[in-house]
Amino acid sequence: MIIAFGWLALLAVQGPPAGFNSGYAAKMLCSTVFVSHRAADVALREDLVLAAPVPYRVDSATRSVVAWIPGVESRRAVYRGKLGCVLRPDSSLGPVGWPLRTIGPAPVSTALWPAGERIDTTNLAAGVDGARLRAALDSAFAEPTSANPRRTRGVVIVWKGRIVAERYAPGYDASTPQLGWSMTKSVINALVGILVARGKLAVDRPAAVPEWKGPGDPRSRIRLDDLMRMSSGLAFDETYSLGPSDVVKDLFLAPDAGAYAAAMPLADSIGTKWSYSSGTTNIISRLVRHAIGNDAVYHDFPQRALFGPLGMTTAVLEPDPSGTFVGSSYMYASARDWARFGQLYLNDGVWNGVRILPKGWVRYSTTPSPADSTGGYGAQVWVNGVGRSGVRPHPRLPGDAFFFLGHDQQNVAVIPSRGLVVVRLGYTPARAWDLDGFVERVLSALPE
């Protein structure tokens, strides 16, 4: 079926570079249809801001989507099973260089969450105010103004290891994989931690990036820790309002997102300035690939080392055309599975008595970066530390709170002192979502 649609510039790009329009359309529609199992026309209506018409075709036989601007450009994204959708350099269906990943999901267990998918929100623990929890959910899904819609699509509230409340928008349910955008960066944090525990990576050593090995290259002094804390000093334009920026090129045009970012020059002294960069995380993701050294093992690594042990049966981490996971942005998972990931960090990296992340890794990840003057960023994890101003980024929330945050207001809030994990997924391009206010409402419903 061929349809012409008006599509969103995820970033309201003005004058996007050649290949971006069709590349963005093909990639996002492929993942919507084949990973999230939503209809393409519904996604176009709900997720994409009308701009210029672009034709596209969903091909169920080849499990791919092609989109094009007539006479100018054509791009295709192809579904690869547990690797999700991969954007091709052009519209070809040629080999992607690695096979279809056919790891099947584990049988859905009837055990109580998180061991299975059964929940019981009727018999809450003493002191839990069910009415206040329902009111908090009502507020999350309410639309006070049409000018700034919230479009909340899923909320899961976990207290002391148990789901005490959840709700979904029409068209979504507990099994719908939803895009976490930059929450994926925190998943890369976990994969790095696992490799640190295995002796494959070390955060205090220079990052083994091939592009930086030349004689006298100052970038050779960049440590993995500098990358993890977004203080590498590398130039990278993370602008989402004007194009063509580096983040636009990295996600939708570069055949190798990590290599694109690794080619950047130094813009600041290493370790002295915090600068948020999706490219930095994609360099880290490529370091994970190099540390593993075998692509078949690498492509199974998230499933075998993290998703499988946690029971995250809906999780899909997608690679770029070169085969490296786009660790900055491309992970899909259900709200319950995002909650499992948050619970792992609340449990200090231990799951069912088994240590998944090395001892001290969560503390390392949630310690504010020395280069971050706001106290708001750790190592691929947002934190509530005290900055140079003496004020926390989230003054209304406990000081030990930390967060996995993504574009369009994807949130996982973790508060160890209250035994709380709060997941909120949606499509909120305007700043119509009050994360702190919502978590405050949830906290008011729980015992101290």
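Residues take numbers from 1 onward in each chain, read along the sequence in its written order. Residue-level local features of this predicted model are given only where pLDDT is at least 70; pairs of side-chain atoms are given and counted only at 80 or more, and the full residue set underlies all totals for whole chains, interfaces and linings. Only hydrogens and water are set aside; all other atoms, that is, all heavy atoms of the structure, feed into the side-chain values.

Looking at the pairing of strand β16 (residues 420-426)
Consideration 1: When accessible area is computed with a 1.4 Å probe and restricted to protein chains, residues below 20% of their type maximum are described as buried, those above 50% as exposed, and intermediate ones as partly exposed. Only DSSP runs of H or I covering at least 4 residues are called helices, and only runs of E covering at least 2 are called strands; the numbering of each starts at the N terminus. Burial analysis of β16 places seven of its seven residues in the buried class, the great majority of the element.
Consideration 2: Going residue by residue along β16, you find L420, V422, R424 and G426 tucked away on one face and V421, V423 and L425 tucked away on the opposite face as well.
Consideration 3: Bridging between strand β6 (residues 152-159) and β16 involves seven bridges; their strand directions are antiparallel. When the bridges of β16 are listed, V156 appears paired with V423.
Consideration 4: In this analysis, strands are considered paired if DSSP registers two or more bridges between them. Relative to β16, strand β15 (residues 410-415) is paired through five bridges, and the arrangement is antiparallel. Pairing of V414 across the sheet is with V421, part of β16.
Consideration 5: The hairpin turn running from β15 into β16, its antiparallel successor, is four residues long, and G419 in that turn takes a positive phi close to 65 degrees.

Comments concerning the sheet that holds strand β14 (residues 402-406)
Consideration 1: Taking strand neighbours across the sheet as the criterion, the six strands line up as β7-β6-β16-β15-β14-β13 in an open arrangement whose pairing is antiparallel. Edge positions in the open sheet fall to β7 (162-168) and β13 (382-383), since each of these has one partner strand only.

Describing the nonpolar core
Consideration 1: Think of a nonpolar core as a cluster: buried Ala, Val, Leu, Ile, Met, Phe, Trp, Tyr and Cys residues, connected wherever their side-chain atoms sit within 4.5 Å. Grouped together as the largest cluster of nonpolar side chains are 104 residues, with contacts concentrated most on L306 and Y345.
Consideration 2: Tallying contributions element by element places helix α1 (residues 20-34) first for this core, with nine residues.
Consideration 3: The next biggest cluster of nonpolar side chains, apart from the first, holds 25 residues, and it includes F403, A413, L420 and L435.

Let's talk about the state of the cysteines
Consideration 1: In this description, a disulfide is simply a cysteine sulfur pair whose atoms lie within 2.5 Å. Under the criterion given, the structure shown has one disulfide.
Consideration 2: In this model, C30 is linked to C85 through a disulfide, with the two sulfur atoms separated by 2.2 Å. Here C30 and C85 share a disulfide; its torsion about the S-S bond, -75 degrees, makes the bridge left-handed. Residue C30 is found in helix α1, and its partner C85 is found in strand β5 (residues 85-87); the two are separated by 55 residues along the sequence. Pair check on accessibility: C30 and C85 agree, each one buried.

A look at the packing of aromatic side chains
Consideration 1: A pair of Phe, Tyr and Trp rings is counted when the ring centres sit within 6.5 Å of each other, with Trp represented by its six-membered ring. The angle between the planes then sorts it: under 30 degrees is stacked, over 60 is edge-to-face, the rest tilted. Scanning the model with the defined rule gives 19 aromatic pairs in all.
Consideration 2: Here Y276 and Y377 contribute two aromatic rings whose centre-to-centre distance is 6.3 Å and whose plane-to-plane angle is 85 degrees, an arrangement assigned as edge-to-face. In this pair, Y276 sits in the loop between α7 (257-262) and α8 (278-292) while Y377 sits in the loop between α11 (361-365) and β13, placing the two residues 101 residues apart along the sequence.
Consideration 3: Here Y276 falls in the buried class, since its relative accessible area comes to 19%.

Some thoughts on the environment of S232
Consideration 1: Here S232 lies in the loop between α5 (224-228) and α6 (246-252).
Consideration 2: Looking at S232, the relative accessible area reads 3%, which means it is buried.
Consideration 3: With 39 residues separating them in the primary sequence, S232 and G271 have C-alpha atoms 5.7 Å apart.
Consideration 4: Leave out the neighbours within four places in its chain, and S232 touches I222, D226, L227, L266, I270 and T280.
Consideration 5: Whenever two N or O atoms come within 3.5 Å, that pair is a polar contact, provided that in protein one can donate a hydrogen and the other can accept it, and provided that, for residues adjacent in sequence, both atoms are side-chain atoms. Within the local environment of S232, its side chain forms a polar contact with the backbone nitrogen of L234, the two atoms lying 3.1 Å apart. By the convention used here, residues are in contact when the closest approach between their heavy atoms is within 4.5 Å.

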